[in-house]
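Chains, contacts and geometry: an overview
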Amino acid sequence: MKKHTLLSGLLLLHILLVSAQETNPNLTKEYANRDKKQLLNLEYNWLKAGFSLDTAYLSTLMDEGFISITANGTATKQEELIDYYKTISQRLRDSIFIDSFKPENSIVNLYGTTAVVTFVVHTFRKDKGVAVERKTRFYDVWIKRNGKWKAVAWQGTKVTA
């Protein structure tokens, strides 16, 4: 009797585990698509906040262990990056500002509660009255904690070709 109960219990456990692994693929895909859309919105809002110098909003996007790597290899922590955005007012006084931007070629790869987002930002700006276009390729890493996506790493490189 004990052997029969044990076998029945193991069989039930096996069925439950197999069922859990075979969750509705449409539902799983729906969650992935929702996360991808949310991450793309966060990236767009990050760019918008960066160009408008909204450091309060930028701070909410970054994990406390956030680090950025610039094109010249400089590593910057969250507080240093926020301080950098605060000093951009000097660029505005020098008449250097972004008129508009357009994200292009966005790709979101999900790995459970981690995501890697790559994209190119095409910016249009004026530098002392002269129109300048620039493309920058970004590589961002996000983690999901307590249901919220937080940026943990960011890297941008000017596209030259």
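In this report, the structure presented in the accompanying data block is examined. If you're wondering where the values come from, they're calculated on a predicted model, not measured in any experiment.

Reading the values: rules and limits
Residues numbered from 1 in each chain as written. Predicted model: local features only at pLDDT ≥ 70, side-chain atom pairs only at ≥ 80, totals over all residues. Heavy atoms only, no water. Helix = DSSP H or I, 4+ residues; strand = E, 2+ residues; numbered from the N terminus. Buried < 20%, exposed > 50% of the residue type's maximum accessible area, 1.4 Å probe, protein only. Contact = heavy atoms within 4.5 Å. Areas by Shrake-Rupley, 256 points an atom, 1.4 Å probe, with all protein chains shown as cover. Core = buried A, V, L, I, M, F, W, Y, C linked by side-chain atoms within 4.5 Å. Polar contact = N/O pair within 3.5 Å; in protein donor to acceptor, adjacent residues only side chain to side chain.

**Here we look at the overall build of the chain**
Helix and strand content of the chain: five helices and six strands. The buried share of the chain, taken over its 161 residues, is 28%. Within the chain, residue pairs in contact and separated by at least 24 positions form 50% of the contacts whose partners lie at least 6 positions apart. When the accessible surface of the chain is split by element, carbon and sulfur atoms take 57% of a total near 10,900 Å².

**Some remarks on the nonpolar core**
Counting residues in hydrophobic clusters, the biggest one holds 20 residues, and the most contacted among them are Leu-39, Trp-46 and Trp-142. Only α2 (25–51), α3 (55–61), β1 (62–69), β3 (96–111), β4 (114–127), β5 (130–145) and β6 (148–158) provide two or more residues apiece to this core.

**Brief notes about the environment of Phe-101**
For Phe-101, the location among the structural elements is in strand β3. Accessibility expressed as a relative area gives 17% for Phe-101, which makes it buried. A C-alpha to C-alpha distance of 9.4 Å links Phe-101 and Arg-134, two positions 33 residues apart in sequence. Other than its neighbours up to four places away in sequence, Phe-101 contacts Tyr-44, Leu-47, Lys-48, Phe-51, Val-121, His-122 and Thr-123.

**Regarding the environment of Arg-145**
Within the element layout of this structure, Arg-145 appears in strand β5. Taking the C-alpha atoms as reference points, Arg-145 and Thr-114, separated by 31 residues in sequence, lie 9.5 Å from one another. In terms of polar contacts, Arg-145 uses its side chain to reach the side chain of Asp-63, at 2.6 Å.

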